[in-house]
Amino acid sequence: GMQSHLQALLSLYKLFCPEQVTITLPGKMKTYFKNPEGPWKAAIAAVRQRNQGPSPLSQAVFLGTSQPQSRKRKWNVQMVIPASSANTNRLEEDREKNCLYSTNQSFPVEQLQTFPQLLQNIHRLEFPSQMGSVLTNPLLLHYMNCVKDESIYLRLYYWMGQMLQEECTWCVVDNPHEEEFKSFLETVYKAECFLQEGFSACEEFLYKTLPLWDGFCCRSEILRLVSWIPLSSFSDIKPYLYDPLAQLFFTSSIYFKCSVLECLNELLKNWLNCNVIQMDSDFPS
């Protein structure tokens, strides 16, 4: 019998090749295939809104998928990276009892203040429940670089990916928090410089959004993040990185051209440094 998803597929065939589908299909059916022009319509609406003011056609669209406004905006008007914090009185009591901790008991991350503390308790630390706080804590970034726990990177990957998706000012239309998004991108970039490697969530975000980027919004922050994209084959990154940048490069100002060249120069330096480190680890002295 006729199933709804098969009817949707046949209706799509009938739309492009009506002579190939001779059966009668119902007029009203559930939409099973998203409109591929969604991202371009969102980008055009964003440009129209920026040049002419608010437009009734503006809608929150991220890569063709309609997204409601971030729910946290109802409760928190600012985009804040979560911090590792606890009750002050509780912290004072914990400091007094610090010497009584057994070797198997975890060390409260809120008490981590100095590098010697990190060295003494490196086997008893636990990452905070909100992984975003790691980005602004150099000691936790040191710890993250030492333990190389895959679950830690996965937690940070999911959190960062969601934040980048919800706050991207040129993919989510009607987002007035550009300065906050700039600050967040700058924080991510500083963490990448500290770790000397890029985040996979950031890499995916750049590959998805560079084709929609106008080359103006958050320019310096975006180009800095591009310089930390991990090394991969040219065929893999050409359609996602070089092609979108090339389109902007040939239609933009001299300043933008110089910024792109500087960004690619930094990208090459990072790749060379990463390759040297990997070679050193492969061949013991």
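Residues numbered from 1 in each chain as written. Predicted model: local features only at pLDDT ≥ 70, side-chain atom pairs only at ≥ 80, totals over all residues. Heavy atoms only, no water.

Just to check I follow, could you spell out the overall build of the chain for this structure?
Assigned secondary structure in the chain consists of eleven helices and two strands. Counted from the first residue to the last, the chain has its helices and strands arranged as α-α-β-β-α-α-α-α-α-α-α-α-α. Looking at the chain as a whole, 36% of its 285 residues qualify as buried. For the chain, the computed accessible surface area is about 18100 Å², with 56% contributed by carbon and sulfur atoms. (Helix = DSSP H or I, 4+ residues; strand = E, 2+ residues; numbered from the N terminus. Buried < 20%, exposed > 50% of the residue type's maximum accessible area, 1.4 Å probe, protein only. Areas by Shrake-Rupley, 256 points an atom, 1.4 Å probe, with all protein chains shown as cover.)

In this structure, what is going on with the environment of Leu210? I would like to understand it.
Residue placement: Leu210 occurs in the loop between helix H8 (200-209) and helix H9 (219-226). By relative accessible area, Leu210 is classed as buried at 3%. Considering only alpha carbons, one finds Leu210 and Leu248, 38 residues apart in sequence, at a separation of 10.0 Å. Discounting residues that sit within four places of it in the chain, Leu210 has contacts with Ile222, Val226, Tyr240, Leu241 and Pro244. (Contact = heavy atoms within 4.5 Å.)

When you look at helix H6 (residues 150-167) in this model, what are you seeing that I'm missing?
Owing to its 3.6 residues per turn, the α-helix brings residues three or four apart onto one side. With 18 residues, H6 should reach 26 Å at 1.5 Å per residue; the first-to-last C-alpha distance of 26 Å fits that figure. Residues of H6 that are buried: Ile152, Leu156, Met160, Met163, Leu164 and Glu167. For H6, the buried positions fall inside an angular range of 95 degrees around the axis, keeping them on one side. Across H6 from its buried face, at more than 90 degrees, point the exposed residues Glu150 and Tyr158. (Expected span 1.5 Å × (residues − 1). Arc of directions from axis to C-beta.)

Just checking my understanding: could you explain the side chain of Ser227 for this structure?
Within the secondary structure layout, Ser227 lies in the loop between H9 and helix H10 (234-249). Residue classification places Ser227 among the buried positions, given a relative accessible area of 5%. Only 2.4 Å separates the side chain of Ser227 from the backbone oxygen of Arg224, close enough to count as a polar contact. Those residues in contact with Ser227 that lie beyond four places of it in its chain are Tyr189, Cys263, Glu266, Leu267 and Asn270. (Polar contact = N/O pair within 3.5 Å; in protein donor to acceptor, adjacent residues only side chain to side chain.)

Please clarify how the environment of Thr209 should be interpreted in this entry.
As for its position among the elements, Thr209 is in helix H8. When its relative accessible area of 1% is taken as the criterion, Thr209 is described as buried. Here the alpha-carbon distance between Thr209 and Gln165, two residues 44 residues apart in the chain, equals 9.4 Å. Among the polar contacts made by the side chain of Thr209, one reaches the main-chain carbonyl oxygen of Phe205 at a distance of 2.7 Å.

Whenever I open this one, the nonpolar core confuses me. Can you help?
What tends to happen in soluble globular proteins is that the nonpolar side chains get buried as a cluster. Of all hydrophobic cores here, the largest spans 54 residues; its most connected members are Met160, Trp170, Phe199, Trp213 and Ile222. Those elements giving two or more residues to this core turn out to be helix H5 (138-147), H6, helix H7 (178-195), H8, H9, H10 and helix H11 (254-282). Counting residues per element, this core draws most heavily on H7, which supplies six residues. What Phe199 contacts, discounting residues up to four positions off in sequence, is Leu135, Met144, Leu156, Met160, Val188, Ala191 and Glu192. (Core = buried A, V, L, I, M, F, W, Y, C linked by side-chain atoms within 4.5 Å.)

Looking at this model, I keep getting lost on the confidence of the model for the chain. Mind explaining?
Interpretation of the predicted coordinates at a detailed level should be avoided for regions scoring low in pLDDT. Residue-level pLDDT values for the chain average 76, and 72% of them are 70 or greater. Taken as a whole, residues 54-77 scores under 50 in pLDDT and shows 41 contacts with residues more than four places along the chain or in a different chain. Predicted confidence for residues 85-92 stays below pLDDT 50, and this span has five contacts to residues more than four positions away or in other chains. (pLDDT = per-residue confidence, 0-100.)

Explain the packing of H5 against H7 to me, please; I cannot follow it from the model alone.
Each pair of packed helices can be described by the angle between their axes along with the distance between the axes. Remark: H5 packs on H7, axes separated minimally by 10 Å, with the N-to-C direction vectors making an angle of 50 degrees. When the axes of H5 and H7 are compared, the pair comes out oblique. Pair H5 / H7 crosses with right-handed handedness. Of the residues in H7, those in contact with Pro138, Leu141, His142, Met144 and Asn145 of H5 are Ala191, Phe194 and Leu195. Of the residues assigned to the contact of H5 with H7, the class counts are six nonpolar, two polar and no charged. (Axes fitted to C-alpha atoms, helices over the stretch in contact; angles between N-to-C directions. Parallel < 35°, antiparallel > 145°, perpendicular 65-115°, else oblique. Left-handed = near helix turned anticlockwise from the far one by under 90°. Nonpolar A, V, L, I, M, F, W, Y, C, P; charged D, E, K, R; others polar.)

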